[in-house]
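# Breakdown of the fold
One-letter residues, chain by chain:
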Amino acid sequence: MTAHAGELPERTREERQAVVLRLCVVLAAVVLMLVRPDLVGERPLVASVLIGLSAVYAAALGLTSLLRGTLPVPPAVITGLDGVLSLLACGLTGGVASPMVAALPLVVIAIALRGGHRVGRLAALVLGAGYTVAVLLGSGPGVTLADALLAGLWWTGFLLATAVLTGVLVRLLERQLADIATTRARAESEHERYLSERALRDRIVSQSRARLDGARVVLHEFRTPVASLTALSADLAAGRLGGDAARRASRLLADHAAHLQEMLDGLADLAVADGSPLGRDRPRRVALAELADAVLDAAGIAAHRRHPVVEPAGAAVHCDPQRLRRMLTNLAENAARHSGDELVELYLAHDGAVLTAEVRDRGPGLPAGQEGVVTAKGVALGERRGTAGLGLWIAEALASAMDGELTLLPREGGGLVARLTLPLAGD
C-alpha cells in the first residue's frame, strides 16, 4: 500500500522505534555506571569503552535512519550485534548482579519477531548460554559457581519462555489477521455480488421500460394513420373522391401503409432485441418536396391551412424518411391543433451539410421557461386523450437518435416555431 504524502512507510517507522529503544538502553547503561560505579569493579576503563562504543553505534544507526530512511545493514545483523553487546555489558557490569540482563529479553523478542518462533527459541538458548558465560567471568569473588550456573539456568529458561510466548502471540495475531482477511474477502465478494445483482435488476427494469415506451410510441404513432385511413375509407365509400383528390388519397394511403409497416418493424425490433423503442435507422434518399406534402397530408392539415417551403427547390437528403416524417408529422399535428384555423408553415432547407426544418404556427405559444418542459414524456399541450404527452417527446427522441436537435422558440407576432436541425450528408 502506498503511503500518503507526509507519512512514513510502516517498515521505516518500526526501524526508527527500534533505534529509539536502542538509544534508551544505552542511556540506561550510562546512568547505571554513574549511579553504581561499583558494578564495574576493577574494569571501569573497559566498561566505559564498551558503553561509549555502544552509544556511538546507537547514535550512528539513529542518524542514518533519520537521513536515509533505512538502516545501513540488514536488521538481523543489527539484532545479533545488540545481543553480543548486551552479553558484554552483563559481563562488565557485575555479572550475576548486572541489571543489563534486562536487555536480553528485548533482543529475544526482536529475533523471534523477525525470524519466527523456531529461530527465536534457538536465539534464546544461545543468549542464555552466553549469559551463563558472562556471569561466570564477570561476577565478583563472592559469587559461587553454583550461584553463577543457577542464574544462567534461570535466565536461559526466562529467555526461552519469552521466545515461546512471543511466538504464541505472533501466531494468534496471524490467525486474527487471516480471519480479518477472510471476512473482508467475503464482504467484498458479497458486495460485488450485490452490485452485480443490482446492475442486472437495473438492466431488466431498463429493458422493461424501453419495451413499455416502445409500446406507447407505437400506440401514439398508430393513432394518426388509423384516423386518416378511417376518414379516407368513408370518403371512398361515399364516392366523394375523384381526380386529383383520388390521386392524393392514393399517395396518402401508400404513405400510411409505409408508416404502419415502420411501426410493425419497430415492434419486431422491440420483441427480439433491447434496442431503442424508436426502431432501427433505415436511411435512403428523400426528396424534401415530397416529404413536405407527405407530412402535411399525414397531419390532416387542410389545403387552405398549409404552406410548405423547400429551399433549394428539388433538394434531397439521405436519411431515414420514416423517422424524419414521424418527427415532422408530430410537430405539424401539434401546430395544427393549437392554431385554430390559422396557417401552418413547414419550412425545409438543406445547405449540403445540415437539414433545417421549421414548423411555424400562430397558436398561443408557450409560457416563458416551458420550452424544455413540454418535450418531457407525459407532458401534454392542451387536452389530449390516450397517449397524451408523447408527440413532442417522440420528436425530440427521434431528433436525438439522429444526432439532431429540436428547439421550441416563440414566433414573432405570436405563435410557436419548432426548429429541427439535423446533420446530414447531401445526396
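Parameters at a glance
Residues numbered from 1 in each chain as written. Predicted model: local features only at pLDDT ≥ 70, side-chain atom pairs only at ≥ 80, totals over all residues. Heavy atoms only, no water. UniProt positions renumbered as here; feature names shortened; annotations may be inferred. Helix = DSSP H or I, 4+ residues; strand = E, 2+ residues; numbered from the N terminus. Buried < 20%, exposed > 50% of the residue type's maximum accessible area, 1.4 Å probe, protein only. Contact = heavy atoms within 4.5 Å. Areas by Shrake-Rupley, 256 points an atom, 1.4 Å probe, with all protein chains shown as cover. Pairing = 2+ DSSP bridges. Axes fitted to C-alpha atoms, helices over the stretch in contact; angles between N-to-C directions. Phe/Tyr/Trp six-rings, centres within 6.5 Å; stacked < 30°, edge-to-face > 60°. Parallel < 35°, antiparallel > 145°, perpendicular 65-115°, else oblique. Left-handed = near helix turned anticlockwise from the far one by under 90°. Nonpolar A, V, L, I, M, F, W, Y, C, P; charged D, E, K, R; others polar.

Under the annotation held in an unreviewed UniProt entry, the chain carries the name histidine kinase and is attributed to Pseudonocardia tropica. Note on the chain: under the UniProt heading Subcellular location (unreviewed entry), the record states "Cell membrane". Heading Catalytic activity (unreviewed entry) of the UniProt record for the chain holds this comment: "ATP + protein L-histidine = ADP + protein N-phospho-L-histidine."

## Considering the overall build of the chain
Counting its regular elements, the chain contains 10 helices and 7 strands. For the chain, the residues scored as buried account for 39% of the 427 residues in total. Excluding contacts between residues fewer than 6 apart, the proportion of contacts in the chain whose partners are at least 24 apart in sequence is 71%. Working note: accessible area of the chain is about 23400 Å², and carbon and sulfur atoms make up 62% of it.

## Quick notes on the UniProt feature "transmembrane region" (unreviewed entry) in the chain
According to UniProt, the positions carrying the feature "transmembrane region" (unreviewed entry) are residues 18-35, 47-66, 86-113, 122-140 and 152-173. Secondary structure over residues 122-140 splits into 89% helix and 0% strand, and the C-alpha atoms at its two ends are 29 Å apart. Span residues 152-173 is 100% helix and 0% strand, its end C-alpha atoms 31 Å apart.

## A look at the sheet that holds strand β4 (residues 344-350)
With mixed pairing, 5 strands are arranged side by side in an open sheet as β2-β4-β5-β7-β6. Each edge of the open sheet is held by one strand with a lone partner, namely β2 (306-311) and β6 (405-410). Direction aside, the axes of adjacent strands within the sheet are offset by 15° on average. Taken together, the 6 bridges between β6 and strand β7 (residues 416-423) define a ladder with antiparallel strand orientation. Bridge pairing in β7 places L408 opposite A418.

## Details of the packing of aromatic side chains
Taken as a whole, this structure holds 2 aromatic pairs when the rule is applied. Between Y131 and W155, the ring centres sit 6.3 Å apart and the planes meet at 70°, which makes this aromatic pair edge-to-face. Of this pair, Y131 sits in helix α5 (residues 117-138) while W155 sits in helix α6 (residues 145-238), and the two are 24 residues apart along the sequence. Summarising the aromatic geometry, the rings of W155 and F158 are spaced 5.2 Å apart at their centres and angled 75° between planes, so their arrangement reads as edge-to-face. Pair noted here: W155 and F158 are both in helix α6, with a separation of 3 residues, about one helical turn. These aromatic residues form a ring-pair network of at least three members: Y131, W155 and F158.

## A word on the packing of helix α4 (residues 103-115) against α5
It is at 7 Å that the axes of α4 and α5 come closest, and there the two elements cross at 155°. In this view, α4 runs roughly antiparallel relative to α5, as classed from their interaxial angle. Relative to α5, α4 is oriented so that their crossing is right-handed. Of the residues in α5, those in contact with L104, V107, V108, I111, A112 and G115 of α4 are H117, V119, G120, A123, A124, L127 and Y131. Taken together, the residues that form the contact of α4 with α5 break down as 10 nonpolar, 3 polar and no charged.

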